[in-house]
Amino acid sequence: MTPPTDGSEPPAASRLRPPGLGLLLAEMRGIFELNASLMLAPLLMRAPRGDGHPVLTLPGFLASDLSMAPMRRYLKELGYDAHAWNMGRNTGGISRMRAALRDRLAEIHESCGRKVSIVGWSLGGVYARDLALQAPDMVRYVVTLGSPFANDVSATNATRLYEALSGEAVDGNPELRAAISGDLPVPTTSIYSRADGVVNWHTCLLRPSDTAENIEVYLASHVGLAVNPAALWAVADRLAQAEGQFSQFDRSGPFAIAYAPPEQAQSRPITRPRGPCAA
C-alpha cells in the first residue's frame, strides 16, 4: 500500500516497517566497507580539497566519537578543521540534547570565526538538522548519513531501545518533529542506502530543492555509511562547495557505479512525521 503524498496521516496498514531480519543481520558487512576505504585511500584523496572551514561530526545512537574518527581523519587530510562532539556515548534524547549541542556548535563557531558544516550519522544527523534550524547563522552545510528524520521515523530497529535509554517517546513533541523533517534554511544533503538494516530508507529522504538533495549509495549498510568509500567521497565533494553556493552532486566521479541515478534517489513519499528516533 502506497503512503499518501498529500501530507495526511496514512492508515495503520500503510505504516512504514523497520528493515527485515535479513538486512539487519547483513549489517556485519560494515567492517568490509571500512576495509574498502582503507584500501582505496589513495583514490579517496583525489576528492576536492577543503577550504579549512570547521566541520562538526555527530555520532549515531549508542556510538561515540570513535565511530566518526575515520570521517574526521579523512576530512582533516583534505584540509578541513574537523571536530568531535566531545559528549561521550550518544544515548539519545532529541529535546534533552538541544542546549548542549547548540553550546558545542557555538564554541566551534566562536573559536574559528567561521560557519560550521555538520556531518551527522544516523541520530547525529537528526541533531544536525535541528542545529541548522536553531542556529542557521552558525551553520554552513548539513550532511546526514542514514538519518531517520522524515515520514514514519518509528520504522527503525532501534525504536524501543531509543525510548528506553533516552526517556523520550518517539511520538513526543510533534512540533519539533515536523520542523526537523521539513526544509532547512541551509544547504543539505541526505546520504542513505536502501540496503540499510537499521532504519527504513524512506525515513532518510528529504524534499529535493535548489539547496537540498538525496544521494543513494548502493548496498551500503547502516553501520558502514560513515566509513563507506562512496559515502566518504560524497561528503567531501559536498563540503567542498563554496559557502552560500549549491549544485547537485555529480555522480560521474570514481565511485559512480556506487550511486543510484538522481531521479531514483529523489523519490520521497511524504507523510506526516511520527517522531524523532534514530539509530
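Preceding this section is the structure that the text describes.
Description of the structure in this document. (Residues numbered from 1 in each chain as written. Predicted model: local features only at pLDDT ≥ 70, side-chain atom pairs only at ≥ 80, totals over all residues. Heavy atoms only, no water.)

Bringing the overall build of the protein chain into the picture now. If you tally the helices and strands in the protein chain, you get 10 helices and 6 strands. Counting every position in the protein chain, which comprises 279 residues, the buried fraction comes to 57%. Residue pairs in contact within the protein chain that sit at least 24 positions apart in sequence constitute 80% of those at least 6 positions apart. Per element, the accessible surface of the protein chain, about 11200 Å² overall, is 57% carbon and sulfur. (Helix = DSSP H or I, 4+ residues; strand = E, 2+ residues; numbered from the N terminus. Buried < 20%, exposed > 50% of the residue type's maximum accessible area, 1.4 Å probe, protein only. Contact = heavy atoms within 4.5 Å. Areas by Shrake-Rupley, 256 points an atom, 1.4 Å probe, with all protein chains shown as cover.)

Our next topic: the packing of aromatic side chains. A full pass over the atoms with the stated rule returns 6 aromatic pairs. Seen from their ring centres, Tyr141 and Phe246 are 6.3 Å apart, and the 25 degrees between their planes marks the pair as stacked. Taken together, the residues Tyr141 in strand β4 (residues 139-145) and Phe246 in the loop between α9 (229-239) and α10 (262-265) connect sequence positions 105 residues apart. This pair shows no difference in class: Tyr141 is buried, exactly as Phe246 is. Residues Trp233 and Phe255 carry aromatic rings whose centres are separated by 5.8 Å and whose planes lie at 55 degrees to one another, so their mutual orientation is tilted. Placement of the pair is Trp233 in helix α9 and Phe255 in the loop between α9 and α10, with a sequence separation of 22 residues. Since its relative accessible area comes to 9%, Trp233 is described here as buried. (Phe/Tyr/Trp six-rings, centres within 6.5 Å; stacked < 30°, edge-to-face > 60°.)

A few words now on the side chain of Ser190. With respect to the element layout, Ser190 can be found in strand β5 (residues 188-192). Leaving out residues up to four positions away in the same chain, Ser190 has contacts with Thr144, Phe149, Cys204, Leu206, Glu213, Asn214 and Ile215.

Formed by 35 residues in total, the largest nonpolar core has its most connected members in Val119, Leu145, Ile191, Val235, Leu239 and Tyr259. Contributing elements (two or more residues each) for this core: α4 (69-77), β3 (116-121), β4 and α9. The element that contributes the greatest number of residues to this core is α9, accounting for 8 residues. If we ignore the near neighbours within four places in the chain, the residues touching Leu239 are His53, Val55, Leu75, Tyr80, Ser117, Val119, Arg140, Tyr141 and Val143. Met97, Leu123, Val142 and Ile180 belong to the second-largest nonpolar core, a separate cluster that totals 33 residues. (Core = buried A, V, L, I, M, F, W, Y, C linked by side-chain atoms within 4.5 Å.)

Enumeration according to the criterion identifies 9 salt bridges in this entry. Among the ionic contacts, a cluster of salt bridges with common partners joins Asp51, Arg114, Arg140 and Glu243. (Salt bridge = Lys/Arg side-chain N within 4 Å of Asp/Glu carboxyl O.)

In this section: the sheet that holds strand β6 (residues 212-216). Read from one edge of the open sheet, 6 strands run β2-β1-β3-β4-β5-β6, paired in parallel fashion. With partners counted over all chains shown, the strands left at the sheet margins are β2 (81-83) and β6, one partner each. Strand-to-strand twist across the sheet, computed as the mean angle between neighbouring axes with direction ignored, equals 20 degrees. For β4 and β5, the ladder comprises 4 bridges, and the chain directions are parallel. Considered in β5, the bridge of Leu145 is made with Ile191. Where α4 meets the sheet, it contacts β1 (54-58), β2, β3 and β4, and its direction lies at approximately 165 degrees from that of β2. (Pairing = 2+ DSSP bridges. Axes fitted to C-alpha atoms, helices over the stretch in contact; angles between N-to-C directions.)

It is worth spelling out the pairing of β1 at this point. For β1, the buried fraction is high: 5 of the 5 residues fall into the buried class. Burial along β1 is two-sided: the face carrying Pro54, Leu56 and Leu58 and the face carrying Val55 and Thr57 are both buried. Here β1 runs beside β2; their pairing, made up of 3 bridges, is parallel. In the sheet register, Val55 faces β2, and the bridge partner there is Ala82.

When two helices pack together, their arrangement is given by the angle between the helix axes and the distance between those axes. Between α4 and α9, the shortest axis-to-axis distance is 11 Å and the interhelical angle comes to 45 degrees. With respect to α9, the element α4 is oriented oblique. Our pair here, α4 against α9, has a crossing hand that is right-handed. For the pair α4 and α9, the contacting residues are Met71, Tyr74 and Leu75 in the first and Leu232, Trp233, Val235, Ala236 and Leu239 in the second. Among the residues forming the contact of α4 with α9, the class breakdown is 8 nonpolar, no polar and no charged. (Parallel < 35°, antiparallel > 145°, perpendicular 65-115°, else oblique. Left-handed = near helix turned anticlockwise from the far one by under 90°. Nonpolar A, V, L, I, M, F, W, Y, C, P; charged D, E, K, R; others polar.)

Looking now at a nonpolar patch on the surface. Side chains of Leu21, Leu24 and Leu25 sit close together on the surface and give an oily, nonpolar patch of about 290 Å² of accessible area. Among the structural elements, Leu24 can be located in helix α1 (residues 21-25). When its relative accessible area of 34% is taken as the criterion, Leu24 is described as partly exposed. (Patch = residues over 30% accessible without salt bridge, like charges linked within 9 Å, V, L, I, M, F, W, Y side chains within 5 Å.)

This part covers α4. Of the positions making up α4, those classed as buried are Ala69, Met71, Arg72, Tyr74 and Leu75. Contact partners of the buried residues in α4: α3 (41-44), β1, β2, β3, β4 and α9. In the segment just after α4, Gly79 is the residue with positive phi, at about 105 degrees.

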